[in-house]
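Listed below are the residues making up each chain.
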Amino acid sequence: MLNIYQKTIKDSVSFEGIGLHTGLNTKVKITPGASDQGIVFKRTDLKNNNFILANYKNVSSAKLCTTLQNEYGVKISTVEHLLAALYILEIDNAIIEVNNEELPIMDGSAKDFILEIEKVGTKKLSKKRKYLKILKKIQMIHGNKNISVEPDENSTFEVDFQLNYENKIIGKQRNTINFCNDDLENVINSRTFCLFEDIEKIKKLGLAKGGSLDNAIVVDEDKVLNNEGLRNEKEFVNHKIL
(Lines give C-alpha, C1' and ligand atoms only; values in the text may rest on other atoms or scores of the structure.)
Protein backbone atom coordinates (compact mmCIF):
# COMPACT_ATOMS: atom_id res chain seq x y z
CA MET A 1 0.00 0.00 0.00
CA LEU A 2 2.92 2.34 -0.62
CA ASN A 3 2.09 3.31 -4.18
CA ILE A 4 3.98 6.28 -5.57
CA TYR A 5 1.16 7.77 -7.64
CA GLN A 6 -2.36 8.86 -6.70
CA LYS A 7 -5.37 6.89 -7.93
CA THR A 8 -9.04 7.41 -8.71
CA ILE A 9 -11.78 5.21 -10.14
CA LYS A 10 -11.94 4.51 -13.89
CA ASP A 11 -15.67 5.16 -14.23
CA SER A 12 -18.70 6.20 -12.21
CA VAL A 13 -20.35 3.74 -9.85
CA SER A 14 -23.70 3.99 -8.02
CA PHE A 15 -25.23 2.59 -4.83
CA GLU A 16 -28.62 2.79 -3.17
CA GLY A 17 -29.75 1.79 0.30
CA ILE A 18 -31.13 2.74 3.70
CA GLY A 19 -29.42 5.16 6.06
CA LEU A 20 -28.69 3.42 9.37
CA HIS A 21 -29.72 6.34 11.57
CA THR A 22 -32.11 8.40 9.41
CA GLY A 23 -33.94 5.42 7.89
CA LEU A 24 -34.05 7.36 4.61
CA ASN A 25 -33.42 5.77 1.23
CA THR A 26 -30.19 7.20 -0.16
CA LYS A 27 -28.68 7.26 -3.64
CA VAL A 28 -24.91 7.58 -4.03
CA LYS A 29 -22.85 8.12 -7.16
CA ILE A 30 -19.04 8.08 -7.08
CA THR A 31 -17.30 9.76 -10.02
CA PRO A 32 -13.57 10.01 -10.86
CA GLY A 33 -11.58 12.78 -9.20
CA ALA A 34 -8.56 14.81 -10.29
CA SER A 35 -5.09 14.72 -8.73
CA ASP A 36 -4.81 16.44 -5.33
CA GLN A 37 -8.60 16.88 -5.18
CA GLY A 38 -9.06 14.37 -2.38
CA ILE A 39 -12.30 12.61 -1.46
CA VAL A 40 -15.12 15.15 -1.72
CA PHE A 41 -18.78 14.64 -0.82
CA LYS A 42 -21.43 16.58 -2.75
CA ARG A 43 -24.95 16.89 -1.29
CA THR A 44 -27.06 16.83 -4.46
CA ASP A 45 -30.23 17.65 -2.48
CA LEU A 46 -28.78 21.10 -1.80
CA LYS A 47 -27.98 23.82 -4.34
CA ASN A 48 -25.45 25.91 -2.44
CA ASN A 49 -22.36 25.30 -0.27
CA ASN A 50 -22.87 21.57 -0.72
CA PHE A 51 -19.29 20.26 -0.98
CA ILE A 52 -17.67 18.59 2.06
CA LEU A 53 -14.04 17.50 1.99
CA ALA A 54 -13.24 14.19 3.69
CA ASN A 55 -10.68 15.59 6.11
CA TYR A 56 -10.21 14.95 9.82
CA LYS A 57 -10.59 18.69 10.44
CA ASN A 58 -14.19 18.44 9.21
CA VAL A 59 -15.28 15.74 11.67
CA SER A 60 -18.08 17.32 13.71
CA SER A 61 -19.25 14.19 15.56
CA ALA A 62 -18.20 10.59 16.16
CA LYS A 63 -21.26 9.58 18.21
CA LEU A 64 -22.37 6.16 16.87
CA CYS A 65 -21.15 7.21 13.40
CA THR A 66 -18.71 9.66 11.81
CA THR A 67 -20.16 12.97 10.62
CA LEU A 68 -18.35 15.48 8.41
CA GLN A 69 -19.40 19.13 8.22
CA ASN A 70 -18.23 22.01 6.03
CA GLU A 71 -17.79 25.63 7.07
CA TYR A 72 -21.42 26.37 6.16
CA GLY A 73 -22.82 23.73 8.52
CA VAL A 74 -23.71 21.25 5.76
CA LYS A 75 -23.25 17.67 7.00
CA ILE A 76 -22.82 14.14 5.72
CA SER A 77 -22.89 11.22 8.16
CA THR A 78 -22.01 7.52 8.45
CA VAL A 79 -19.11 8.03 6.06
CA GLU A 80 -16.73 5.60 7.77
CA HIS A 81 -17.50 2.39 5.85
CA LEU A 82 -17.22 3.95 2.40
CA LEU A 83 -14.07 5.88 3.35
CA ALA A 84 -12.55 2.63 4.65
CA ALA A 85 -13.39 0.96 1.33
CA LEU A 86 -11.71 3.77 -0.62
CA TYR A 87 -8.62 3.54 1.60
CA ILE A 88 -8.36 -0.23 1.14
CA LEU A 89 -8.68 0.22 -2.64
CA GLU A 90 -6.03 2.99 -2.46
CA ILE A 91 -8.32 5.59 -4.03
CA ASP A 92 -7.09 9.12 -3.23
CA ASN A 93 -9.46 11.24 -5.30
CA ALA A 94 -13.19 10.96 -6.01
CA ILE A 95 -16.42 12.96 -5.97
CA ILE A 96 -19.19 11.27 -3.96
CA GLU A 97 -22.67 12.57 -4.80
CA VAL A 98 -25.29 11.86 -2.11
CA ASN A 99 -28.96 12.87 -2.21
CA ASN A 100 -29.44 13.34 1.55
CA GLU A 101 -27.54 13.71 4.81
CA GLU A 102 -26.50 10.08 5.41
CA LEU A 103 -24.75 7.41 3.36
CA PRO A 104 -26.50 4.04 3.04
CA ILE A 105 -25.41 1.37 5.52
CA MET A 106 -25.67 -1.41 2.89
CA ASP A 107 -24.98 -4.70 4.75
CA GLY A 108 -23.16 -2.98 7.64
CA SER A 109 -19.66 -3.63 6.29
CA ALA A 110 -17.48 -2.31 3.44
CA LYS A 111 -18.11 -5.38 1.25
CA ASP A 112 -20.78 -3.99 -1.09
CA PHE A 113 -18.87 -0.75 -1.69
CA ILE A 114 -15.67 -2.60 -2.56
CA LEU A 115 -17.35 -5.16 -4.84
CA GLU A 116 -19.05 -2.45 -6.92
CA ILE A 117 -15.96 -0.24 -7.16
CA GLU A 118 -13.82 -3.21 -8.20
CA LYS A 119 -16.18 -3.76 -11.16
CA VAL A 120 -15.15 -0.43 -12.71
CA GLY A 121 -11.55 -0.55 -11.47
CA THR A 122 -9.07 2.20 -10.63
CA LYS A 123 -6.59 4.27 -12.62
CA LYS A 124 -3.26 5.90 -11.83
CA LEU A 125 -3.01 9.69 -11.91
CA SER A 126 0.03 11.85 -12.73
CA LYS A 127 0.63 13.35 -9.27
CA LYS A 128 2.54 11.55 -6.53
CA ARG A 129 0.91 10.52 -3.26
CA LYS A 130 1.74 12.33 -0.04
CA TYR A 131 2.44 10.38 3.14
CA LEU A 132 2.58 11.23 6.82
CA LYS A 133 5.49 9.70 8.70
CA ILE A 134 5.04 9.12 12.42
CA LEU A 135 8.22 10.20 14.21
CA LYS A 136 7.28 9.55 17.83
CA LYS A 137 4.57 7.85 19.85
CA ILE A 138 1.40 9.86 20.43
CA GLN A 139 -1.12 8.62 23.02
CA MET A 140 -4.51 9.71 24.30
CA ILE A 141 -6.25 8.23 27.36
CA HIS A 142 -9.89 8.87 28.23
CA GLY A 143 -11.21 6.95 31.21
CA ASN A 144 -10.66 3.26 30.50
CA LYS A 145 -10.09 3.86 26.79
CA ASN A 146 -6.76 4.61 25.15
CA ILE A 147 -5.33 4.98 21.69
CA SER A 148 -1.76 5.44 20.52
CA VAL A 149 0.01 5.98 17.21
CA GLU A 150 3.68 5.13 16.95
CA PRO A 151 6.41 4.71 14.31
CA ASP A 152 6.68 1.48 12.34
CA GLU A 153 10.18 0.57 11.24
CA ASN A 154 8.88 -1.27 8.18
CA SER A 155 6.86 1.73 6.94
CA THR A 156 3.59 -0.20 7.01
CA PHE A 157 0.22 0.54 8.59
CA GLU A 158 -0.78 -1.92 11.30
CA VAL A 159 -3.78 -1.77 13.65
CA ASP A 160 -3.83 -3.61 16.99
CA PHE A 161 -7.32 -3.35 18.51
CA GLN A 162 -8.81 -4.82 21.67
CA LEU A 163 -12.47 -4.70 22.65
CA ASN A 164 -13.38 -4.89 26.34
CA TYR A 165 -17.05 -5.82 26.67
CA GLU A 166 -18.77 -7.40 29.65
CA ASN A 167 -20.99 -9.28 27.22
CA LYS A 168 -19.84 -12.92 27.12
CA ILE A 169 -20.19 -13.21 23.32
CA ILE A 170 -18.02 -10.17 22.50
CA GLY A 171 -15.78 -10.23 25.57
CA LYS A 172 -12.15 -9.13 25.29
CA GLN A 173 -11.71 -9.80 21.59
CA ARG A 174 -8.42 -8.68 20.05
CA ASN A 175 -6.82 -8.75 16.60
CA THR A 176 -3.87 -7.21 14.76
CA ILE A 177 -4.11 -6.41 11.06
CA ASN A 178 -1.35 -5.15 8.81
CA PHE A 179 -3.05 -3.28 5.97
CA CYS A 180 -0.01 -3.64 3.72
CA ASN A 181 0.69 -7.36 4.14
CA ASP A 182 -2.37 -9.20 5.49
CA ASP A 183 -5.44 -10.62 3.75
CA LEU A 184 -8.15 -8.02 4.44
CA GLU A 185 -11.20 -10.11 3.49
CA ASN A 186 -12.41 -10.61 7.08
CA VAL A 187 -11.98 -6.91 7.83
CA ILE A 188 -13.88 -5.86 4.69
CA ASN A 189 -16.78 -8.27 5.42
CA SER A 190 -17.19 -7.49 9.13
CA ARG A 191 -20.44 -5.74 10.04
CA THR A 192 -21.37 -3.09 12.55
CA PHE A 193 -22.87 -4.45 15.79
CA CYS A 194 -24.80 -3.48 18.88
CA LEU A 195 -26.12 -4.99 22.09
CA PHE A 196 -29.83 -5.83 22.14
CA GLU A 197 -30.13 -4.03 25.48
CA ASP A 198 -28.89 -0.77 23.91
CA ILE A 199 -31.35 -0.62 21.00
CA GLU A 200 -34.08 1.28 22.84
CA LYS A 201 -31.54 3.77 24.23
CA ILE A 202 -30.20 4.43 20.75
CA LYS A 203 -33.69 4.85 19.29
CA LYS A 204 -34.64 7.30 22.03
CA LEU A 205 -31.80 9.48 20.74
CA GLY A 206 -33.54 9.50 17.36
CA LEU A 207 -30.96 7.18 15.81
CA ALA A 208 -30.90 3.68 14.24
CA LYS A 209 -34.21 4.26 12.41
CA GLY A 210 -32.91 2.15 9.54
CA GLY A 211 -31.18 -0.51 11.63
CA SER A 212 -32.12 -4.17 11.19
CA LEU A 213 -30.65 -7.65 11.24
CA ASP A 214 -29.95 -7.12 7.53
CA ASN A 215 -27.35 -4.44 8.24
CA ALA A 216 -26.08 -5.03 11.78
CA ILE A 217 -25.14 -7.83 14.17
CA VAL A 218 -27.35 -7.76 17.27
CA VAL A 219 -25.99 -9.49 20.35
CA ASP A 220 -28.14 -10.60 23.28
CA GLU A 221 -26.67 -11.78 26.58
CA ASP A 222 -25.44 -15.14 25.33
CA LYS A 223 -26.19 -15.31 21.61
CA VAL A 224 -26.07 -13.57 18.24
CA LEU A 225 -29.63 -12.87 17.05
CA ASN A 226 -28.81 -12.93 13.31
CA ASN A 227 -29.89 -16.27 11.82
CA GLU A 228 -26.70 -16.64 9.77
CA GLY A 229 -24.46 -15.99 12.78
CA LEU A 230 -21.04 -14.38 12.40
CA ARG A 231 -19.07 -14.11 9.16
CA ASN A 232 -15.75 -14.71 10.88
CA GLU A 233 -14.54 -15.62 14.36
CA LYS A 234 -13.39 -12.08 15.21
CA GLU A 235 -16.07 -10.12 13.37
CA PHE A 236 -16.66 -7.69 16.26
CA VAL A 237 -13.07 -6.46 16.58
CA ASN A 238 -12.50 -6.74 12.82
CA HIS A 239 -15.33 -4.25 12.26
CA LYS A 240 -13.69 -1.81 14.67
CA ILE A 241 -10.42 -2.22 12.77
CA LEU A 242 -12.33 -1.45 9.55
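Since the structure is predicted, the reported quantities are computational estimates derived from the model, not experimental observations. Every chain's residues receive numbers from 1 upward, in the order its sequence appears when written. A pLDDT threshold of at least 70 governs which residues receive local features in this predicted model, and a stricter bar of 80 or more applies before side-chain atom pairs are shown or counted, although totals over entire chains, interfaces and linings include all residues. Remark: hydrogens and water are excluded; side-chain values derive from all non-hydrogen atoms of the structure.

Asker: I'd like a description of the sheet that holds strand E9 (residues 94-98), backed by residues and values.
Answerer: Strands qualify as paired when DSSP identifies two bridges or more between them. Under the scheme used here, helices are H or I runs from DSSP no shorter than 4 residues and strands are E runs no shorter than 2 residues, and both carry numbers assigned from the N terminus. The mixed open sheet is built from five strands, whose spatial order is E2-E3-E9-E4-E5. In this open sheet, the two edge strands, each paired with only one partner strand, are strand E2 (13-18) and strand E5 (51-53). Neighbour-to-neighbour, the strand axes of the sheet open up by a mean angle of 20°, direction not taken into account. Judged from the six bridges that link them, E2 and strand E3 (residues 25-32) form a sheet pairing that is antiparallel. If you follow isoleucine 18 over to E3, its bridge partner there is asparagine 25. Across the sheet, helix H1 (residues 80-88) touches E3, strand E4 (39-43) and E9, and the angle it forms with E4 is around 145°. Should any heavy atoms of two residues lie within 4.5 Å, those residues are considered in contact. Note on definitions: angles span 0 to 180 degrees between N-to-C directions of axes, and those axes are lines fitted to C-alpha atoms, for helices only across the stretch in contact. Running over the sheet, helix H2 (residues 111-120) touches E2 and E3 and is turned about 160° from E2.

Asker: Describe the nonpolar core, naming the residues involved and giving the relevant values.
Answerer: Judged by nonpolar contacts, the single largest core of 35 residues is most densely connected at Ile30, Phe41, Ile91, Ile96, Ile117 and Phe179. Looking at this core, the elements with two or more residues in it are E2, E3, E4, H1, E9, H2 and helix H3 (185-189). Here the element with the most residues in this core is H1; it accounts for five residues. Ignoring any residue separated from it by four or fewer positions in sequence, one finds phenylalanine 41 in contact with Asn50, Phe51, Ile52, Ala54, Leu68, Ile76, Val79, Leu83, Ile96, Val98 and Leu103. In these notes, a set of buried Ala, Val, Leu, Ile, Met, Phe, Trp, Tyr and Cys residues joined through side-chain atoms within 4.5 Å is what counts as a nonpolar core. Partly exposed residues are those whose accessible area sits between 20% and 50% of the maximum for their type, while under 20% is buried and over 50% is exposed, using a 1.4 Å probe and protein chains only. Counting residues in hydrophobic clusters, the runner-up holds eight residues, among them Leu163, Ile170, Leu195 and Val219.

Asker: An account of H2 is requested, with residue identities and associated values reported.
Answerer: For an α-helix, the turn length of 3.6 residues means that residues three or four places apart are oriented alike. All buried positions along H2 are accounted for by Phe113, Ile114 and Ile117. All buried residues of H2 lie within an arc of 90° about the axis, which places them on one face of the element. The inward-facing, buried residues of H2 abut strand E1 (5-9), E2, E3, H1 and H3. In this description, one arc is meant: the one made by directions from the helix axis to the C-beta atoms.

Asker: Quick one: what's the story with the side chain of asparagine 215, residue by residue and with numbers?
Answerer: Tracing the backbone through its elements, the reader meets asparagine 215 in the loop between helix H4 (199-204) and strand E16 (217-219). With relative accessibility at 5%, the residue asparagine 215 sits in the buried group. A 3.5 Å cut-off defines polar contacts: any pair of N or O atoms within that distance qualifies, except that in protein one atom must be a possible hydrogen donor and the other a possible acceptor, and neighbouring residues in sequence count only when both atoms are side-chain atoms. Of note is the side chain of asparagine 215, whose polar atom sits 3.0 Å from the backbone oxygen of glycine 210. A distance of 3.0 Å separates a polar atom in the side chain of asparagine 215 from the backbone nitrogen of serine 212. Apart from residues lying up to four places away in sequence, asparagine 215 is in contact with Leu20, Ile105, Met106, Asp107, Gly108, Thr192 and Gly210.

Asker: Let's hear about the packing of H1 against H2: which residues, and what values?
Answerer: In the contact formed by H1 and H2, the axes pass within 9 Å of each other and the chain directions differ by 45°. It follows that H1 is oblique to H2 by the angle criterion. For the pair H1 and H2, the crossing hand works out as right-handed. Only Phe113, Ile114 and Ile117 of H2 make contact with H1, whose side of the interface consists of His81, Leu82, Ala85, Leu86 and Ile88. Working rule for angles: under 35 degrees goes down as roughly parallel, over 145 as roughly antiparallel, 65 to 115 as roughly perpendicular, anything else as oblique. A crossing counts as left-handed when the near helix is turned anticlockwise from the far one by less than a right angle, and as right-handed when that turn is clockwise.

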